[in-house]
Amino acid sequence: MSYDTTTPAPAVAPPLGVGMVGYAFMGQAHSQGWRTVGRVFDLPLSPAMAAVCGRDPEAVRTAAAKLGWAAAETDWRALIARPDVQLVDICTPGDSHAEIAVAALEAGKHVLCEKPLANTVAEAEAMAEAARAARARGQVAMVGFNYRRTPALALARRMVGEGRVGTLRHVRVTYLQDWLVDPDFPLAWRLRKEAAGSGALGDLGAHAIDLAQHLAGAPLTGVSAQTETFVRERPLPDGGALGPVTVDDAALFTGRLESGALASFEVSRVAAGRKNALRVELNGTAGSLAFDLERLNELEFHDHATDAAEAGFRRILVTEQEHPYLEAWWPPGHGLGYEHTFVHQARDLVRAVAAGTEPEPSFADGLQVQRVLAAVEESAEKNSVWTPVPVSPDTV
Ligand SMILES: NC(=O)c1ccc[n+]([C@@H]2O[C@H](COP(=O)([O-])OP(=O)(O)OC[C@H]3O[C@@H](n4cnc5c(N)ncnc54)[C@H](O)[C@@H]3O)[C@@H](O)[C@H]2O)c1
């Protein structure tokens, strides 16, 4: 028997209709994930890119065609109401996350929401509560902390769980960018508190906090922080006048994990020369692990039991079939990139939907990160006073 591309394919997994809100930076990255995931991984459900939503009718139609969505909507409420959409993927700024996510969950849809989960703890609490109620109806909700899905960091998590670094003493995360060094960079939504919640803190610090808690397997119980806004006025996006910057340019904080480990964080959008420099180091009683996003196929490991004459960090090239997510990709040494984290995110979410299990990171995890963000802001406002973080029992 011969086949060509017009012959119907053999029966595949039943479809999972996806509707996405927002199609700029994250919308493009998520589209890449949805387009690719079913062609790389064997999945119990087949993601179908049903519709994308934006507010400009012409622009959203163009985006739908370019990114591979079957239809376009101009109102997220209409997107949620579509019968061919079972999962709503939220790629908008933080000020709309809560409203869209809660409406989608109440309408019976699964949800993927970009980070940070919300702009305030109150919003995040409402979202976590809506997700908890939806779980009882068989729906799932996940936050887009995609860096967890870098194979090297997933391997680091596995090695911590296996006891390869012993009892953790230090978790150190820095996440540095430099796109705000230029004082003439315009006052975009990321620089307005009402739209973004906070600055480098919520943007980069949310990832750093999530990774620290995830890799250590323990929540932060308190923080001491400083934040700074170095450039306090910037040109309005439509040109001419200056407007006030109402978020931080950088945040520096220390914390304690429930396990007893000490954590330190530095996040900045004014670190000249650093583009997307996410670095993580874990030091334990039996060894250390180190990761640098600019070399994301590598994980450094120091085994402290090694004879002193030969001890030191060694580089693990995280491209083997045995490594997390690598079973479906290229032969050893061929390497993955940033975009693959979104494919892995889609894989894990689809599997959770099919299995009816709680995906990680859940909205409860996103809420816990939000509490840390709020504690950092409170501490910074009060001259770095030690600020406890309330911890929910269902966290991390
Ligand atoms: N996971 C990551 O690594 C990562 C990276 C960047 C941004 N983010 C997060 O993703 C979210 C979006 O950030 P971005 O960089 O894609 O921003 P962006 O400005 O590039 O895109 C936001 C999009 O949302 C659209 N939008 C805003 N309000 C809307 C509404 N009411 N209805 C429909 N569309 C609407 C805008 O038109 C735009 O297309 C934020 O929460 C951000 O923190 C995550």
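Predicted model only: the values in this text are computed from it and were never measured. (Residues numbered from 1 in each chain as written. Predicted model: local features only at pLDDT ≥ 70, side-chain atom pairs only at ≥ 80, totals over all residues.)

### Quick word on the overall build of the protein chain
Link 1 in the chain: Within the protein chain one finds 10 helices and 17 strands.
Link 2 in the chain: Relative to the 2.2 N^0.38 estimate, which gives 21 Å for 396 residues, the radius of gyration of the protein chain is 21 Å and therefore close to what a compact globule would have.
Link 3 in the chain: When contacts within the protein chain are restricted to residue pairs at least 6 apart in sequence, those whose partners lie at least 24 apart make up 71%. (Helix = DSSP H or I, 4+ residues; strand = E, 2+ residues; numbered from the N terminus. Rg over C-alpha atoms; globule rule 2.2 N^0.38 Å. Contact = placed C-beta atoms within 7 Å.)

### Here's the deal with the domain arrangement of the protein chain
Link 1 in the chain: When cut into domains, the protein chain gives domain 1 (15-146) and domain 2 (148-336 + 362-388).
Link 2 in the chain: If you average the C-alpha positions of domain 1 and of domain 2, the two centres end up 25 Å apart.
Link 3 in the chain: Taken together, the contacts link 22 residues of domain 1 with 24 residues of domain 2.
Link 4 in the chain: Mapped onto the side of domain 1 that touches domain 2, the elements with two or more residues apiece are α5 (121-135) and β6 (141-143).
Link 5 in the chain: Of all the elements, α5 adds the most residues to the side of domain 1 that touches domain 2, at six residues.
Link 6 in the chain: Classifying every residue of the side of domain 1 that touches domain 2 gives 15 nonpolar, four polar and three charged. (Domains from an automatic or database assignment. Nonpolar A, V, L, I, M, F, W, Y, C, P; charged D, E, K, R; others polar.)

### Considerations on the site of the ligand
Link 1 in the chain: Looking at the ligand, there are 21 residues lining it, with G22, A24, F25, M26 and E114 nearest.
Link 2 in the chain: It is helix α1 (residues 25-40) that contributes the most residues to the shell around the ligand, three residues altogether.
Link 3 in the chain: Considered class by class, the residues forming the shell around the ligand number nine nonpolar, eight polar and four charged. (Near = placed C-beta within 6 Å.)

### Looking at the packing of α5 against helix α10 (residues 363-381)
Link 1 in the chain: Their axes nearest at 9 Å, the elements α5 and α10 cross at an angle of 170 degrees. Relative to α10, the element α5 lies roughly antiparallel. Facing V121, A124, E125, M127, A128 and A131 of α5, the residues of α10 in contact are F363, A364, G366, L367, Q370, R371 and A374.
Link 2 in the chain: Residues belonging to the contact of α5 with α10 are distributed by class as follows: nine nonpolar, two polar and two charged. (Axes fitted to C-alpha atoms, helices over the stretch in contact; angles between N-to-C directions. Parallel < 35°, antiparallel > 145°, perpendicular 65-115°, else oblique.)

### Thoughts on the nonpolar core
Link 1 in the chain: One finds V52, A101, M127, A156, V171 and V376 to be the most contacted residues of the largest nonpolar core, which totals 113 residues.
Link 2 in the chain: When we break this core down by domain, the ones giving at least three residues each are domain 1 (15-146) and domain 2 (148-336 + 362-388).
Link 3 in the chain: The contacts of V171, once residues within four sequence positions are left out, are A212, L215, A216, L257, A261, A263 and L282. (Core = buried A, V, L, I, M, F, W, Y, C linked by C-beta atoms within 7 Å. Buried ≥ 20, exposed ≤ 12 C-beta atoms within 10 Å, placed from the backbone.)

### Section: helix α6 (residues 151-161)
Link 1 in the chain: Burial in α6 covers these residues: P151, A152, L153, A154, L155, A156 and V160.
Link 2 in the chain: As for α6, its buried residues are in contact with α8 (200-216), β13 (277-284), β14 (287-292) and β15 (298-303).

### Observations regarding the UniProt feature "domain: Gfo/Idh/MocA-like oxidoreductase N-terminal" (unreviewed entry) in the protein chain
Link 1 in the chain: Per the UniProt record, "domain: Gfo/Idh/MocA-like oxidoreductase N-terminal" (unreviewed entry) is found at residues 17-140.
Link 2 in the chain: Span residues 17-140 is 47% helix and 19% strand, its end C-alpha atoms 14 Å apart. (UniProt positions renumbered as here; feature names shortened; annotations may be inferred.)

### Remarks on unusual backbone geometry
Link 1 in the chain: Following K115, the chain continues into P116 via a peptide bond in cis, with omega recorded as -20 degrees.
Link 2 in the chain: A positive phi angle, near 70 degrees, is found at Y325, a position not held by glycine.
Link 3 in the chain: Along the chain, Y325 turns up in the loop between β16 (314-317) and α9 (340-355).
Link 4 in the chain: For Y325, a count of 21 C-beta atoms within 10 Å translates into the label buried.
Link 5 in the chain: With phi around 55 degrees, N383 is a residue other than glycine that occupies positive phi space.

### Quick notes on the UniProt feature "domain: GFO/IDH/MocA-like oxidoreductase" (unreviewed entry) in the protein chain
Link 1 in the chain: If you check UniProt for "domain: GFO/IDH/MocA-like oxidoreductase" (unreviewed entry), the listed places come out as residues 155-289 in our numbering.
Link 2 in the chain: Annotation note: span residues 155-289, helix share 21%, strand share 37%, distance between end C-alpha atoms 10 Å.

### Describing the pairing of strand β11 (residues 250-257)
Link 1 in the chain: A large share of β11 lies buried, amounting to six of its eight residues.
Link 2 in the chain: In the sheet, strand β8 (residues 220-228) pairs with β11 via eight bridges, with the strands oriented antiparallel. Looking across to β11, one finds that A225 is bridged to F253.
Link 3 in the chain: Relative to strand β12 (residues 262-268), β11 runs antiparallel, the two being bridged by seven bridges. Counted as the bridge partner of T254 is S264 from β12. (Pairing = 2+ DSSP bridges.)

### Comments concerning the sheet that holds strand β5 (residues 110-113)
Paired through backbone hydrogen bonds, the strands of a sheet run either parallel or antiparallel to each other.
Link 1 in the chain: Spatial ordering of the open sheet is given by β3-β2-β1-β4-β5-β6, a layout of six strands whose pairing is parallel. A strand with exactly one partner marks an edge of an open sheet, and here the two such strands are β3 (71-73) and β6. On average, each strand axis in the sheet is tilted by 25 degrees relative to the strand beside it, whichever way the strands run.
Link 2 in the chain: Direction of pairing for β5 relative to β6: parallel, over a ladder of three bridges. The residue bridging C113 from the neighbouring strand is V143, located in β6.

### Structural notes on the environment of R77
Link 1 in the chain: With respect to the secondary-structure elements, R77 resides in helix α3 (residues 76-81).
Link 2 in the chain: Here R77 falls in the partly exposed class, since 13 other C-beta atoms lie within 10 Å of it.
Link 3 in the chain: Linking R77 and R295, residues 218 residues apart in sequence, is a C-alpha distance of 41 Å.

### Side note on α10
Link 1 in the chain: Helix length check: α10 (19 residues) gives 27 Å between terminal C-alpha atoms against 27 Å at 1.5 Å per residue, within 8%.
Link 2 in the chain: When you tally the buried positions in α10, you get 17 out of 19 residues, the bulk of the element.
Link 3 in the chain: Backbone geometry just downstream of α10 places N383 in the positive-phi region, at approximately 55 degrees. (Expected span 1.5 Å × (residues − 1).)

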